[in-house]
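Residue strings, one per chain:
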Amino acid sequence: MLNFKANKGDDDDDDGNNEDDDDNDGGGDGDDDVDYDDNDNDEKLKALYGEDWAQKSSEQLMEPKYYKEIPEFLQTLPKKITRKTAKELSEELVKYTRTDTNPGGDKTFRSSYWPLVKCVTVRVPQNQLLQHVTLVDLPGNGDRNKSRDTMWKQIIRNCSTVWIVSEINRAAAEKECWEILTSANSLLGNGGECHYIHFICTKSDQFDDVDEWSTDAIRRFVLNRNEKAKESMRKEFKKLKKMNHFSFEVFTVSSKWFQNRKHLSLEETEIPKLQDFLQNLNDKHSETLNYVSGARGILSLIQGSCLRDVAGKSKDVCQELDENIRNQLVSVKEAMKAAEEAFEKKLSEGVEKSKRSWENRLKFFINPPKKRRGGFHRVLKCVVENDGIYKPQKKKEINLNMKLSSFLTECIDEEFRKTFPNETKCGPFNGAIDKFSLGTENLKKKYKDVELQLIFLKTVEEKMKTELNKIIRDRKKKIYCRLTETIANAMKECYENAAKFSGKDVLKNMIGTITNHVETLQDTMFEEAKKAMFFQLQILTKGIPGYLEGNLKTSIKLSLRTNYQSSPDVTTELGEVQRLYNELKMASN
């Protein structure tokens with residue numbers, strides 16, 4: 001399925017600007033090879049309309065004849081394509097995804113629609129490996145197209161694993177690979193949910209003069225080269241000090257020898273390792289267990305209400321459950337308070353560092369040495385015209401807002417990772433949510449007559465904690481981004497004023513406007529950013545105890561304090577589900 005960009009005319013979304021304000025470390029350089037979008041847009045219009053597109057009016061370019069193959073574009077609908085084989089589908093998708101769609105020597109013009117395509121979704125039917133797993137192919141370091149770059153950031157922020165693919169002979173030395181990691185660090189880590197970073201070195205089966213070597217000699221050579229490549233990649237990754245909290249692994253893969261195992265064994269091609277990793281991500285067993293557990297809980301509630309005649313004991317168990325909730329919430333609230341105090345301290349440190357040192361960090365970018373100033377006024381002009389953010393072609397994004405918020409984020413980064421770890425085995429707030437328990441296992445031994453109701457409550461508890469952890473995971477991304485968003489809002493008026501300058505002394509005037517604005521706001525802007533983030537954190541921490549208490553008390557009332565006139569007998573169904581549940585639990589252990 002292909003999704004097109006909004007139909008507003010001649011690709012007017014491709015202005016190369018970037019509206020998102022939380023990506024990389026605000027780096028970039030002031031070299032004078034400043035790029036503009038004219039060449040890009042010219043290439044796109046040629047792809048759609050041919051070389052003579054400039055001789056046509058906007059009305060002519062929007063005539064339906066140019067969109068015969070994609071009438072969905074004019075209706076802002078997705079286009080669906082179905083083919084029987086992967087090869088057929090690949091051939092059909094070429095004109096929507098590739099720039100070099102016309103065969104060499106063929107002068108017949110064929111329209112290419114890639115400038116209009118926002119994303120392509122490929123669904124593979126009946127593939128067990130990819131159940132509950134989505135693979136997303138993204139451009140290496142963002143995209144100059146505004147809508148695609150925004151989508152790039154949104155998607156990478158929701159990835160639990162990132163695979164960076166590069167040829168084995170240049171993987172360690174390829175600058176872009178490492179720039180991907182450093183520029184997207186905040187999106188992958190505290191601003192995202194990534195835990196695993198994998199480098200996949202392809203073409204490990206490339207070998208010259210293969211006929212002159214024995215199979216054993218080729219195998220030894222390739223495995224030795226693969227190990228050297230892995231070691232080189234590990235050394236490069238260790239240099240990225242701010243990323244050592246990610247789980248890093250290198251795979252050297254050979255698709256050719258995976259199909260034809262002449263020189264390497266199946267395992268030595270390392271594709272089975274990637275398949276195993278995907279299978280673990282899939283975690284179909286856990287999905288099945290959760291489903292069966294939910295069914296077991298509902299059936300237990302139904303059967304328990306059918307058999308219940310224990311009003312006195314229901315009252316007793318309710319009192320104990322209420323007491324357990326109160327005691328457990330004490331621990332949860334203590335964890336919330338500890339997190340608030342830790343963030344308050346770190347954010348205050350960040351505010352003071354920002355006030356002391358913002359000028360030096362900002363000066364490094366907006367006031368470069370004379371040898372780097374050639375054309376720099378054009379770079380800075382692009383930055384201020386786009387709310388402090390500019391994505392040069394084939395270079396790191398420049399993000400002035402992240403430069404200004406960097407002291408704040410640096411001060412909280414470690415505490416943030418500890419409070420909101422991306423590693424699923426370590427729950428948020430030092431595991432306070434995961435440790436929360438109604439104590440139903442002990443109560444079942446004491447109150448046999450309401451065992452089924454307690455099974456239901458245990459199911460509710462587990463489901464509720466799973467949902468709450470998902471809520472926290474999503475909210476923590478927004479909390480982390482709040483610092484830079486607040487700075488960007490405070491700088492918006494400054495950027496608008498700086499963008500008005502032109503002619504002589506334009507660079508000097510823009511630098512002066514930015515510097516004076518930050519100097520005027522330094523006593524309030526960083527403090528406001530701290531308050532905005534802390535406020536979002538408190539909304540979360542104050543809401544968690546209420547979420548736990550409210551949901552559990554509602555479930556207790558439903559299962560133990562509500563009189564049911566008639567309920568069906570589900571003894572047989574409950575027994576079957578219980579058997580499946582026991583088998584799945586045993587398999588998971």
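In short, a report on the structure. Note that the structure is a prediction, hence the values are computed from the model and not measured.

Topic: the overall build of the chain
Part 1 of the reasoning: Counting its regular elements, the chain contains 20 helices and seven strands.
Part 2 of the reasoning: Across the 589 residues of the chain, 46% fall into the buried class.
Part 3 of the reasoning: Accessible surface for the chain amounts to roughly 31,600 Å². Of this, 48% is attributable to carbon and sulfur atoms.

Describing the pairing of strand β4 (residues 196-202)
Part 1 of the reasoning: Burial analysis of β4 places five of its seven residues in the buried class, which makes it a mostly covered element.
Part 2 of the reasoning: Bridging between strand β3 (residues 161-167) and β4 involves seven bridges; their strand directions are parallel. Residue pairing in the sheet places Thr161 in a bridge with Tyr196 of β4.
Part 3 of the reasoning: Pairing between β4 and strand β5 (residues 247-252): six bridges, direction parallel. When the bridges of β5 are listed, Cys201 appears paired with Thr252.

Considering the side chain of Ser555
Part 1 of the reasoning: Mapped onto the elements of the fold, Ser555 is located in helix α19 (residues 525-560).
Part 2 of the reasoning: Separated by 3.1 Å, the side chain of Ser555 and the backbone oxygen of Asn551 make a polar contact.
Part 3 of the reasoning: Leave out the neighbours within four places in its chain, and Ser555 touches Phe456, Leu457 and Val460.

Considering the pattern of salt bridges
Part 1 of the reasoning: One pass over the structure, following the stated rule, counts 37 salt bridges.
Part 2 of the reasoning: We note a salt bridge from Arg219 to Glu268, for which the minimum N-O separation is 2.4 Å. Of the two residues, Arg219 is situated in helix α8 (residues 215-238) and Glu268 in the loop between α9 (255-259) and α10 (271-282); the sequence distance between them amounts to 49 residues.
Part 3 of the reasoning: The closest approach of N and O atoms between Glu236 and Lys239, which form a salt bridge, is 3.1 Å.
Part 4 of the reasoning: Judged by relative accessible area, Glu236 falls into the partly exposed class, the value being 23%.
Part 5 of the reasoning: Each of Glu69, Arg83, Glu92 and Lys95 takes part in salt bridges that share partners, so that together they form one network.

Focus: the sheet that holds β3
Part 1 of the reasoning: Strand order in this open sheet of three strands is β3-β4-β5, and the pairing throughout is parallel. The sheet is open, and its two edges are formed by β3 and β5, each paired on a single side. On average, adjacent strands in this sheet sit at an angle of 20 degrees to one another, irrespective of strand direction.

As for the packing of helix α14 (residues 400-419) against helix α17 (residues 451-498)
Part 1 of the reasoning: Contact geometry for α14 and α17: axes closest at 9 Å, N-to-C directions at 160 degrees. Classified by the interaxial angle, the pair formed by α14 and α17 is roughly antiparallel. The two elements α14 and α17 meet at a crossing, and its hand is right-handed. Of α17, the residues touching α14 (which contributes Leu400, Asn401, Met402, Leu404, Ser405, Leu408, Thr409, Ile412, Asp413 and Phe416) are Lys476, Ile479, Tyr480, Leu483, Thr484, Ile487, Ala488, Met491 and Tyr495.
Part 2 of the reasoning: For the contact of α14 with α17, the per-class residue count stands at 13 nonpolar, four polar and two charged.

Focus: helix α18 (residues 506-521)
Part 1 of the reasoning: Here α18 spans 23 Å end to end across 16 residues, near enough to the 22 Å set by a 1.5 Å rise per residue.
Part 2 of the reasoning: Buried residues of α18: Val506, Leu507, Met510, Ile511, Thr513, Ile514, Thr515, His517 and Val518, and no others.

A word on the environment of Gln522
Part 1 of the reasoning: Looking at where Gln522 falls in the secondary structure, it is placed in the loop between α18 and α19.
Part 2 of the reasoning: Separated by 164 residues in sequence, Gln522 and Trp358 have C-alpha atoms that sit 8.5 Å apart.
Part 3 of the reasoning: Those residues in contact with Gln522, other than ones at most four positions away along the chain, are Lys355 and Trp358.
Part 4 of the reasoning: Separated by 2.8 Å, the side chains of Gln522 and Trp358 make a polar contact.

Considerations on the packing of α14 against α19
For any two helices packed against each other, the geometry is given by the interaxial angle and the distance between the axes.
Part 1 of the reasoning: Here α14 crosses α19 at 35 degrees, and the two axes come no closer than 10 Å. Where α14 crosses over α19, the two elements pack in a sense that is right-handed. The residues of α19 that touch α14, namely those facing Leu404, Leu408, Ile412 and Phe416, are Phe526, Ala529 and Met533.
Part 2 of the reasoning: Classifying every residue of the contact of α14 with α19 by side-chain character gives seven nonpolar, no polar and no charged.

A look at the packing of aromatic side chains
Given two aromatic rings, their pairing is described by the distance between the two centres and the angle made by the two planes.
Part 1 of the reasoning: Evaluation of the coordinates by the stated rule reveals 13 aromatic pairs.
Part 2 of the reasoning: Measuring from ring centre to ring centre gives 5.3 Å for Tyr67 and Phe73, while their planes differ by 25 degrees; the resulting arrangement is stacked.
Part 3 of the reasoning: Of the residues examined, Tyr67 reaches a relative accessible area of 2% and is grouped as buried.
Part 4 of the reasoning: Judged by relative accessible area, Phe73 falls into the buried class, the value being 2%.
Part 5 of the reasoning: Following the ring pairs from residue to residue traces out a cluster consisting of Phe343, Phe416, Phe420, Phe429 and Tyr480.

Quick look at α14
Part 1 of the reasoning: Between its terminal C-alpha atoms α14 stretches 27 Å, which fits the 28 Å expected from 20 residues at 1.5 Å a residue.
Part 2 of the reasoning: At Ser406, α14 is bent by approximately 55 degrees, the largest bend along its length.
Part 3 of the reasoning: Counting buried residues in α14 gives 16 out of 20 residues, a clear majority hidden from the surface.
Part 4 of the reasoning: The N-cap of α14, judged by a side-chain oxygen 3.1 Å from the amide nitrogen of Asn401 a few residues on, is Asn399.

Let's talk about the environment of Ile200
Part 1 of the reasoning: Topologically, Ile200 is positioned in strand β4.
Part 2 of the reasoning: Since its relative accessible area comes to 5%, Ile200 is described here as buried.
Part 3 of the reasoning: Sequence separation of Ile200 and Leu274 is 74 residues, and the distance between their C-alpha atoms is 9.4 Å.
Part 4 of the reasoning: Once you skip the residues sitting within four places of it in the chain, Ile200 turns out to touch Trp163, Ile164, Val165, Ser166, Phe251, Val253 and Leu274.

Details of a nonpolar patch on the surface
Part 1 of the reasoning: Taken together, Val120, Val122 and Val124 make up a surface patch of nonpolar side chains, about 220 Å² in accessible area.
Part 2 of the reasoning: Looking at the secondary structure, you find Val122 in the loop between β2 (117-120) and α5 (146-156).
Part 3 of the reasoning: The class of Val122 is partly exposed, set by a relative accessible area of 48%.

Concerning the environment of Thr134
Part 1 of the reasoning: By the secondary structure assignment, Thr134 is in the loop between β2 and α5.
Part 2 of the reasoning: Residues Thr134 and Arg123, 11 residues apart in the sequence, show an inter-C-alpha distance of 9.6 Å.

Brief notes about the nonpolar core
Part 1 of the reasoning: In terms of nonpolar packing, the biggest core is built from 72 residues, with Leu321, Leu380, Phe429, Met491, Ile514 and Ile544 touching the most fellow members.
Part 2 of the reasoning: Take this core: its biggest share by element is 16 residues, from helix α12 (residues 311-366).
Part 3 of the reasoning: If you look at the next biggest cluster of nonpolar residues, it comprises 25 residues, including Leu188, Ile197, Ala229 and Met233.

Reading the values: rules and limits
Residues numbered from 1 in each chain as written. Predicted model: local features only at pLDDT ≥ 70, side-chain atom pairs only at ≥ 80, totals over all residues. Heavy atoms only, no water. Helix = DSSP H or I, 4+ residues; strand = E, 2+ residues; numbered from the N terminus. Buried < 20%, exposed > 50% of the residue type's maximum accessible area, 1.4 Å probe, protein only. Areas by Shrake-Rupley, 256 points an atom, 1.4 Å probe, with all protein chains shown as cover. Pairing = 2+ DSSP bridges. Polar contact = N/O pair within 3.5 Å; in protein donor to acceptor, adjacent residues only side chain to side chain. Contact = heavy atoms within 4.5 Å. Salt bridge = Lys/Arg side-chain N within 4 Å of Asp/Glu carboxyl O. Axes fitted to C-alpha atoms, helices over the stretch in contact; angles between N-to-C directions. Parallel < 35°, antiparallel > 145°, perpendicular 65-115°, else oblique. Left-handed = near helix turned anticlockwise from the far one by under 90°. Nonpolar A, V, L, I, M, F, W, Y, C, P; charged D, E, K, R; others polar. Expected span 1.5 Å × (residues − 1). Phe/Tyr/Trp six-rings, centres within 6.5 Å; stacked < 30°, edge-to-face > 60°. Bend = angle between axes of the 7 residues up to and from the residue. Patch = residues over 30% accessible without salt bridge, like charges linked within 9 Å, V, L, I, M, F, W, Y side chains within 5 Å. Core = buried A, V, L, I, M, F, W, Y, C linked by side-chain atoms within 4.5 Å.

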